[in-house]
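# Commentary on secondary and tertiary structure
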Amino acid sequence: MFGYYFNLALRSFRRNRALTALMVLAIALGIGASVTTLTVFRVLSGDPIPHKSDQLFYVRMDPGTLDGFTPGDEPAEQMTRFDAEALLREARGDRQALMSAGSVAVEPDAEGLTPFVLQARYTSADFFAMFDTPFRHGSGWQRGDDEARARVAVISGAMAERLFGDTDPTGRTLRLGRTDFRVVGVLDDWRPAPRFYDLISGEFTEAEDVHLPFSTARDLRLPVQGSMNCWAEPTGEEGSTGPDAPCTWVQYWVELGTPARAATYRAYLDNYSAQQRQAGRFERPDNNALTPVMAWLAEREVVPSDVRLQVWLAFGFLAVCLLNTVGLLLAKFMRRGGEIGVRRALGASRRSIFMQCLVEAGTVGLAGGALGLALALLGLWAVRRQPADYAELARMDPTMLLVTFAMALFASLLAGVLPAWRAMQVTPAIQLKSQ
């Protein structure tokens, strides 16, 4: 039966080619704009680690002085080195990791390569298991390496190919900042979007090429990057990055497998703050935060407001296109009143007329979806030309491909309901008499 209706739809299209092309174009423009903005929004607002995002928590405290303090203020966005290292030693979570961004100078042994600088991440051993980083070769370092300030490194696959070719480089020596490191692991392709584990240094930048133990980086006094907030003048040889510096610049994450574990950890943070206040380090009242991944993304407003506005505008444009399609379908079906009247007189039911018209509308929608897909791909190509961190991530995936045709089919069927209902109301006698 569907094939019969489809053949009737094709005959109708051949008789009204210009009108059909206009309807296809209207749907294609609306679908193209909507899918383009929806793809960008999906990239920016997606869950970067969906299988465990409710088990990963970003930890914050408020170690500042009472100067400028207002009740209800949010805690500091990062932690002091003293507090982060204290929580890491006590290890009350299932896993925990402190971290900071940095940079290192690479002195390659490969012939023809000159020294260059790469972005680095200084972290602790649980980082890799906690964030499920994929490994091409080897693995991360062990907790004992953190304590021993071992000269070990995990590098990206791209860096491994650049320095060592196609061979497995685990166990080989890598010279960073005039210090030899032993490569213990090579990451496979890994670029969470957004880069939730460090929103301070950039929400959509690529993952670092070098991962080093935080303790080793501080022992060698490697340069750090990212924001830093100090409420007093730092003292000591290491300055603002010293173990007792009154500065927040370290990120801290903890993995807690159950809500009960999360509640226990919150109580632990409150007890820790009370102890630090008694010791004279903390002056402000308890102001701790244990924020899961998606709540942290929302709090940091990772999705720009202009992207949300673009999505609403695109769907508004799609609605306008659908209204135009409704008018065109209505005009087309009413012009065929004589043909519909003859079919009704020959025994066609109203349901048959309704289904025929809906099949015509759906066919227009599928054609519009195909053209809209091409327009969306063109739109995403234009987005990737923009100077934005997330631009490179704006690509069509299989899910959005299915969404494109589903939206086009649904939109066209929705637009075709009213014209199809009006068409099936045609009275055969009146049409035959007018003919």
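Preceding block: the structure.
Right, let's walk through the structure included here.

A few words now on the pairing of strand β8 (residues 179-187). Of all 9 residues making up β8, 7 are buried, and the element is well covered by its neighbours. Of the pairings in the sheet, the one linking strand β6 (residues 152-156) to β8 comprises 5 bridges and is parallel in character. Bridging across to β8, S156 finds its partner in L187. The pairing of strand β7 (residues 173-176) with β8 spans 4 bridges and is antiparallel. Residue pairing for β8: L174 is matched across the bridge by F181. The hairpin turn running from β7 into β8, its antiparallel successor, is 2 residues long, and G177 in that turn takes a positive phi close to 55°.

If you look at the biggest cluster of nonpolar residues, it comprises 44 residues, and the most contacted ones within it are V59, L87, L212 and Y265. Filtering out sequence-adjacent residues up to four positions away, L212 remains in contact with V104, R121, Y122, T123, W141, V152, A153, L176, F181 and L222. Listed in part, the 37 residues of the second largest apolar core include A97, A125, F131 and V303.

Here the structure, examined in full by the defined rule, presents 1 disulfide. Between the sulfur of C230 and that of C247 lies a disulfide, 1.9 Å long from S to S. Between C230 and C247 the disulfide shows an S-S torsion of about 105°. By sign, it is right-handed. In this pair, C230 is assigned in strand β11 (residues 229-230) and C247 in strand β12 (residues 247-255), connecting sequence segments 17 residues apart. Residue classification places C247 among the buried positions, given a relative accessible area of 0%.

Another point: the packing of helix α3 (residues 81-90) against helix α8 (residues 259-278). At a minimum axis separation of 12 Å, α3 and α8 run at an interaxial angle of 130°. Considering the angle they form, α3 stands oblique to α8. The two elements α3 and α8 meet at a crossing, and its hand is right-handed. Here α3 contributes F82, D83, A86, L87 and E90 to the contact with α8, which in turn contributes Y265, Y268, L269, Y272 and Q276. Taken together, the residues of the contact of α3 with α8 sort by class into 7 nonpolar, 1 polar and 2 charged.

The rules we used
Residues numbered from 1 in each chain as written. Predicted model: local features only at pLDDT ≥ 70, side-chain atom pairs only at ≥ 80, totals over all residues. Heavy atoms only, no water. Buried < 20%, exposed > 50% of the residue type's maximum accessible area, 1.4 Å probe, protein only. Helix = DSSP H or I, 4+ residues; strand = E, 2+ residues; numbered from the N terminus. Pairing = 2+ DSSP bridges. Core = buried A, V, L, I, M, F, W, Y, C linked by side-chain atoms within 4.5 Å. Contact = heavy atoms within 4.5 Å. Disulfide = S-S within 2.5 Å. Axes fitted to C-alpha atoms, helices over the stretch in contact; angles between N-to-C directions. Parallel < 35°, antiparallel > 145°, perpendicular 65-115°, else oblique. Left-handed = near helix turned anticlockwise from the far one by under 90°. Nonpolar A, V, L, I, M, F, W, Y, C, P; charged D, E, K, R; others polar.

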